[in-house]
Amino acid sequence: MTKVIDLRSDTVTQPTEEMRDAMRNAVVGDDYFRDDPTVIELETMAATILGKEAALFVASGTMGNLVSIMAGMQRGESLIVEADAHVYRSEAGHLGSVCGVVPKRVKGAAGIMTAEDVEAAIYGEGVLLPTTSMICIENTHNAGGGTCYTVEDMAQMRAVADRHGLRIHVDGARIFNAAIALGVEAKALAADADSLTFCLSKGLACPFGAVVVGEKAFIAKCRKMRQMVGGGMRQAGIMAAAGVYALKNMVDRLVDDHKNARLLAEGLHALGLEVDLEAVQSNIVFANASRTRLGSSGLAEAIRAKGLLVNMPGANGRIRFVTHWEISTEDIKRALAIVADALSAS
Ligand SMILES: Cc1ncc(COP(=O)(O)O)c(C=O)c1O
């Protein structure tokens, strides 16, 4: 049977055989009592890699962002976010419903906000206004096409935050993609942040989980918030073992996903789709087929029928393709042939 090429997301991956072995053999205990050595190993490792004092294993990127915002802000305060940030658009509205904070959106160029625009979005003094207390930065930026904030961008954000007494939280669901794309250590991208969440279940291919890093006292607060939202865990070392394995073995290989994304982007562009090649910096490619005879939805359906799965386009007509460890360069070549075939048959 021909392999289905699944480019819907980097979350679709199966755990590797070695990862399954690590999970099977994990030494576990009750994490409520801080008795699980594998959870502690993961948290210690994550804190070290990101250059922070402490870390907390959580169920998902969404939960990591949620507890970081709850622990870092007061209800009624304002959070600056990029207009298309995942935390704003795709986390079921927890900013309002659970955190009780007021998002202030700033439009970025392919998801990348400037420090000037962020500074201009800070509410001033005044009894009528909410108090701005946090900037949230998504690195890489998903809806922006996997674009990266650089170490210099982060330093500029830090300068703004320091001038106004704000915290910085990084939604670093794909922070290792950013680090690999920029050729820097992940801790350099975290240095100017107060807190950061990264996902294990995206490019790192784990079946579960995310980790929040920050100062000790902050992480203790996050632990309480995690409990409050029902995220306390027991023998979670089974899942943490996959994370330990991934941090050791799945980070450096992200460079392959980025090469494949570039090959795909250039191929789709050559086939006449609209692709912002400059925005293709990591493992995500957006292509717009609105101007083709099939249109974006038509193309997505036509290629699906031929075994190439993609994220269905939204109202803006952009089809999202995401590369990951189960996708080889040969798969990308086949994917391009499938797209070419669908376009020429229309
Ligand atoms: C940038 C970004 N942040 C956060 C999340 C949420 O992660 P999870 O699906 O683990 O809740 C995602 C998921 O796609 C994401 O892309």
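This structure is a prediction, so every number in the text was calculated from the model and none was measured. (Residues numbered from 1 in each chain as written. Predicted model: local features only at pLDDT ≥ 70, side-chain atom pairs only at ≥ 80, totals over all residues.)

## As for the overall build of the protein chain
Spelled out, the test is: The secondary structure listing takes helices from DSSP runs of H or I that are at least 4 residues long and strands from runs of E that are at least 2 residues long, numbered from the N terminus. Between the two quantities, the radius of gyration covers C-alpha atoms and the globule rule is 2.2 Å times the number of residues to the power 0.38. Whether a residue is buried, exposed or partly exposed is read from the other C-beta atoms within 10 Å of its own C-beta, which are placed from the backbone; 20 or more gives buried, 12 or fewer gives exposed, and intermediate counts give partly exposed.
The number of helices and strands found in the protein chain is 14 helices and eleven strands. In terms of overall size, the protein chain behaves like a compact globule, its C-alpha atoms giving a radius of gyration of 20 Å where 346 residues would be expected to give roughly 20 Å. Oriented by its inertia axes, the alpha-carbon framework of the protein chain measures out at about 60 × 55 × 35 Å. Per-residue burial over the protein chain gives 51% buried out of 346 residues.

## As for the domain arrangement of the protein chain
Interfaces are often described in size by the accessible area the parts lose on coming together. Under the convention used in this document: Domain boundaries shown here were taken from an automatic or database domain assignment. Each residue is represented by a C-beta atom placed from its backbone, and any two residues with such atoms within 7 Å are regarded as in contact.
Domain annotation for the protein chain reports domain 1 (5-12 + 253-345) and domain 2 (17-249). With centres defined by C-alpha atoms, the gap from domain 1 to domain 2 works out at 28 Å. On the side of domain 2, 18 residues touch domain 1, which itself brings 16 residues to the contact. Listing elements by their share of the side of domain 1 that touches domain 2, those giving two or more residues are helix 12 (254-270) and strand 9 (284-288). The element that contributes the greatest number of residues to the side of domain 1 that touches domain 2 is helix 12, accounting for four residues.

## Section: helix 2 (residues 37-50)
Short version of the rule: Given the number of residues in a helix, its expected span is that number minus one, multiplied by 1.5 Å.
If you check helix 2, its first and last C-alpha atoms are 20 Å apart, about what 14 residues at 1.5 Å a residue would give, namely 20 Å. If you check which residues of helix 2 are buried, you get Thr38, Val39, Leu42, Glu43, Ala46, Ala47, Ile49 and Leu50. Residues of helix 2 that are buried sit in contact with strand 2 (54-58), helix 9 (186-190), strand 7 (195-199), strand 8 (210-214) and helix 11 (237-249).

## A closer look at the site of the ligand
Counted only if it meets this: Think of it this way: take the backbone, place a C-beta atom on it, and check whether that atom is within 6 Å of the molecule or strand, in which case the residue is near it. When residues are sorted by character, Ala, Val, Leu, Ile, Met, Phe, Trp, Tyr, Cys and Pro go into the nonpolar class, Asp, Glu, Lys and Arg into the charged class, and all the rest, Gly among them, into the polar class.
Near the ligand the following residues occur: Ser60, Gly61, Thr62, His86, Glu138, Asn142, Asp171, Ala173, Cys199, Ser201 and Ala210. Here the residues of the shell around the ligand are counted per class, giving three nonpolar, six polar and two charged.

## Re the sheet that holds strand 8
Test applied: When DSSP finds two or more bridges between two strands, those strands count as paired. In this description, a line fitted to the C-alpha atoms serves as the axis of each element, helices being fitted only across the stretch in contact, and the angle between N-to-C directions of two axes falls anywhere from 0 to 180 degrees.
Pairing within the open sheet is mixed, and its seven strands lie in the order 2-8-7-6-5-3-4. Bordering the open sheet on either side are strand 2 and strand 4 (102-106), each of which pairs with just one other strand. Going from strand to strand, the sheet's axes swing by 20° on average, the running direction of each strand aside. Bridging between strand 3 (residues 78-82) and strand 4 involves five bridges; their strand directions are parallel. When the sheet's bridge partners are listed, Ser78 is paired in strand 4 with Val102.

## Topic: the environment of Val160
Relative to the elements of secondary structure, Val160 occurs in helix 7 (residues 151-164). C-alpha separation for the pair Val160 and Glu119, spaced 41 residues apart in sequence, amounts to 6.2 Å. Those residues within four positions of Val160 in sequence are excluded, and the remaining contacts are Ala115, Val118 and Glu119.

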